[in-house]
Every structure is written in C-alpha cells, then in structure tokens.
Amino acid sequence: FSTQQSATPAPMDKVVSDRTQRKLAYEQQAKNVSRWTKVVQENRQAETLDFKPKERLNVTRDTLVDKFEPTTEFEKELEQALEEAGQQDEEAVLKAEEQALQDDLGANRLTMEEYKKRRGQLAQIRALMFYHEQKRHHIKKIKSKKYRRIRKKQRERLKESGLEAAKEEDVELAQELKEKEEVS
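Residues numbered from 1 in each chain as written. Predicted model: local features only at pLDDT ≥ 70, side-chain atom pairs only at ≥ 80, totals over all residues. Heavy atoms only, no water.

Helix and strand content of the protein chain: 8 helices and 0 strands. The order of α-helices and β-strands along the protein chain, N terminus first, is α-α-α-α-α-α-α-α. Counting every atom, the protein chain has about 19,000 Å² of accessible surface; 54% of that belongs to carbon and sulfur. (Helix = DSSP H or I, 4+ residues; strand = E, 2+ residues; numbered from the N terminus. Areas by Shrake-Rupley, 256 points an atom, 1.4 Å probe, with all protein chains shown as cover.)

What follows deals with a positive patch on the surface. Side chains of Lys135, Lys141, Lys143, Arg148, Arg151, Lys152 and Arg155 sit close together on the surface and give a patch of like positive charge. For the positive patch, the secondary-structure elements that each account for two or more residues are α6 (112-141) and α7 (145-169). Of all the elements, α7 adds the most residues to the positive patch, at 4 residues. Tracing the backbone through its elements, the reader meets Arg155 in helix α7. (Patch = residues over 30% accessible without salt bridge, like charges linked within 9 Å, V, L, I, M, F, W, Y side chains within 5 Å. Salt bridge = Lys/Arg side-chain N within 4 Å of Asp/Glu carboxyl O. Lys, Arg positive; Asp, Glu negative; His and termini not counted. Charge placed at Lys NZ, Arg CZ, Asp CG, Glu CD.)

What follows deals with the confidence of the model for the protein chain. Looking at the protein chain as a whole, the pLDDT averages 82, with 88% of positions reaching at least 70. Taken element by element, the protein chain is modelled with least confidence in helix α5 (residues 90-107), mean pLDDT 67, and with most confidence in helix α1 (residues 14-34), mean pLDDT 95. (pLDDT = per-residue confidence, 0-100.)

This brings us to the packing of α7 against helix α8 (residues 171-183). In the contact formed by α7 and α8, the axes pass within 5 Å of each other and the chain directions differ by 125°. Relative to α8, the element α7 is oriented oblique. Seen from α7, the contacting residues are Leu163, Ala166, Lys167 and Glu169; seen from α8, they are Val171, Leu173, Ala174, Leu177 and Glu181. For the contact of α7 with α8, the per-class residue count stands at 6 nonpolar, no polar and 3 charged. (Axes fitted to C-alpha atoms, helices over the stretch in contact; angles between N-to-C directions. Parallel < 35°, antiparallel > 145°, perpendicular 65-115°, else oblique. Contact = heavy atoms within 4.5 Å. Nonpolar A, V, L, I, M, F, W, Y, C, P; charged D, E, K, R; others polar.)

Taken together, the side chains of Trp36, Val39 and Val40 present a nonpolar region at the surface, about 270 Å² in accessible area. Structurally, Val39 can be placed in helix α2 (residues 37-45).

The subject of this paragraph is a negative patch on the surface. A cluster of acidic residues, Glu156, Glu160, Glu164, Glu168, Glu169, Asp170, Glu172, Glu176, Glu179, Glu181 and Glu182, forms a negative patch at the surface. For the negative patch, the secondary structure elements donating two or more residues are α7 and α8. By secondary structure assignment, the location of Asp170 is in the loop between α7 and α8.

Right, let's talk about helix α4 (residues 73-85) for a bit. Counted at 1.5 Å a residue, the expected span for α4 with its 13 residues is 18 Å, and the 19 Å between its end C-alpha atoms agrees. Two residues or fewer after α4 comes Gly86, characterised by a positive phi angle close to 75°. (Expected span 1.5 Å × (residues − 1).)

Now the structure itself:
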C-alpha cells in the first residue's frame, strides 16, 4: 500500500455533464443522419419512387404448391380424396374439367339463333343490373330532407296498406292492433 492516498476527482456539475451528453448524442445522430443524405437526395430527384425491397424472394405459386405438406385433418382428407380421384396435380384437374366441359357442351349443341337469343338476354340482364346499381348508388348519395320526408311517407303508406290487408284477412290480428293503438 502506498502511504499517499489519491483523491477522487469532484463530480462534474450537472449542467456541464448534461451539455456534454447532449453534444455526444448530437454527434452520434449526425453520423446516423449523414448515411441517409445520399438516399434522400436521390429520392428527391427521382421522378417516381419505388419502395419495393431490392432483393425480393422469388416465390411463385408452383414453388408453394411443391413445398406444401398437408398438416391439418381437413387438408389430409382433401389430399386423399384427390389421390383417389386421380387428380393429384393441377394438369390432371384441368384435363378432367376440360373433358367434362366438352361433354356438357357436346350433348347440348346450341343453334346460332338460340345462341344469339341467349346472348341478347344476358346483355339485357347486365344492362338492368347496371341500371339498378347506378340507381342505388344515386339514392344513397341523396341527403336532402325533402327526399327523406317523401320516402318516409311512401314507406308509411306501404306499411299501412299492408296492415289493412292483414286486418281484412285476420280478424284477431285487427283486434290486437286496435288494442295496441288504444293503449299507446
């Protein structure tokens, strides 16, 4: 042991220590930010930005299908059913579907007139569906009080006419409704 004791230095003042810590943190962040300046400048100059990763995994449907292993009970049951049907791979399924389609169409050959008639009917149905969809969209967008009031009155009239028809058919129902009206 030495006969001389060394004194520990006095701690730095809190203000001074905080200042040095902020200075060190600032320098560290400046280094981190300087790494991105080139990327930011390129993005600013680029006409369009692409945020996709540079190295994408080339995962295709075929690779996923090849790696697939049935794990759940349902998947195993489905796999077994496909094997029994002889349609393990996609090509076999497609061939079977094509064969079935040809069988169905071959048995029911359509004449050209029937085909044109059917096509016209389908076009009419599509046009009507489009019309109704547009109408529904238009009605949903209407927000005026007057329109809502008119619609409410129409609904009330329909409800009343429906109730009157029900009253005529069922006497007991009519009596129950009268009692409810009187109570309320």
